[in-house]
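Below are the chains, spelled out letter by letter.
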Amino acid sequence: MGGKFVQQIICRGVDFTSEREEEFYQVSVDVKGMGSLEKSLDDYVKGELMEGDNAYLCEELGKRVPAVKRSVIKQLPQMLCVHLKRFEFDYHSQTRYKVRDRFEFPLEIDMFKYTADGLAAADQQQKAGEQQQKQLQRTTSSSAGSTGSESGQLQRRGSTAAIDKVSGGCNYMYDLMGIVVHSGSAFTGHYYSFIKERTQSTAGDGRSSSSRSGSSDSSSSCSSGPPPRQWYSFDDKQVSAWDITNLEYECFGGKPSQDSDARGPPKRNEYDRAHSAYMLFYERRQAAAGSAAAASSDGSQQQQQQQQARAEGSQMQSEQLSISGRAN
């Protein structure tokens, strides 16, 4: 159901990394000062540098060394639940308050660069770039000759995780399926939600145009995403169709003058919206197109094998009847 975090401590200048895994059911990201989900996730996985008096005590080396401490995603869940930190505590005034800043999030997101594999690829590419820069500073022809070989090896190693990403297909692609919205303040308010339907609308001939989410995308590829499905608003007992084009107004929060279609300068004494997204639910995209093609190919092969077996059986039966007739 959930995923797995890995707490990493990566030593600087030493080839040693300490890792500790833990399960999670949601990812809590900062809203204040971020502006978007992508920026908040980047900040989440960048980690902190431990150096000086706060350097990491490496037991393997028996001494303190500078290191980077970070928490990254090692295993992604089928349904990714993202909690937006809309409620904070002001230690100066000793009061709780709601963060009403504008916070954007996409309809689809690639989670690769926020995983352990993605960050490992980025680290290796950075090392390759640093190594290449050092080599370029050398003036001798012999060192210049070795530059291409060494940096090429580093770049090939750095692209290994990227190749794994391609082979993994849709394992890192997620589509937005649900939003929980909070309207009000830190002390009172109301929750309601927007949810994308799990099955598509019934086609005109009376037959369902798709089944569950996993199979409804069978005609689509990993890059194109699932076909459009209707969104609905769930507000207590009120259930009604909802237009996803209202996402910015209904869920991003912030001031009206920050909207993409806003015109003119901001108004004086303009207030932030009281309603904004609080929880996001992303579902892993299903690479159903390839699976369906593979299943169709397997089915065709199996059918051919069955037809061949029946033909061989009929031939054997004919030969037995012919032999029996000659014997009589």
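Residues numbered from 1 in each chain as written. Predicted model: local features only at pLDDT ≥ 70, side-chain atom pairs only at ≥ 80, totals over all residues. Heavy atoms only, no water.

In the Ramachandran plot, Gln-94 falls in the positive-phi region, its phi being about 60° despite a non-glycine side chain. Inspection of the secondary structure puts Gln-94 in the loop between strand 9 (87-90) and strand 10 (95-98). (Helix = DSSP H or I, 4+ residues; strand = E, 2+ residues; numbered from the N terminus.)

The two faces of the sheet receive side chains in turn, since in a regular strand these alternate between them. Alignment of strand 1 (residues 3-11) against strand 7 (residues 67-75), held across eight bridges, turns out to be antiparallel. Directly across from Gln-7, in strand 7, lies its bridge partner Ser-71. Bridge analysis of strand 4 (residues 48-50) against strand 7 gives three bridges, and the strand direction is antiparallel. Across the sheet, Leu-49 pairs through a bridge with Val-68, a residue of strand 7. (Pairing = 2+ DSSP bridges.)

The subject of this paragraph is the sheet that holds strand 1. Across the sheet, four strands lie side by side as 2-1-7-4; this open sheet has antiparallel pairing. Only two strands of the sheet have a single neighbouring strand rather than two, namely strand 2 (17-24) and strand 4. For this sheet, the mean inter-axis angle between neighbouring strands, taken without regard to orientation, is 30°. Against the sheet, helix 1 (residues 37-46) makes contact with strand 1, strand 4 and strand 7, and its axis sits at roughly 120° relative to strand 7, the strand it touches most. (Axes fitted to C-alpha atoms, helices over the stretch in contact; angles between N-to-C directions. Contact = heavy atoms within 4.5 Å.)

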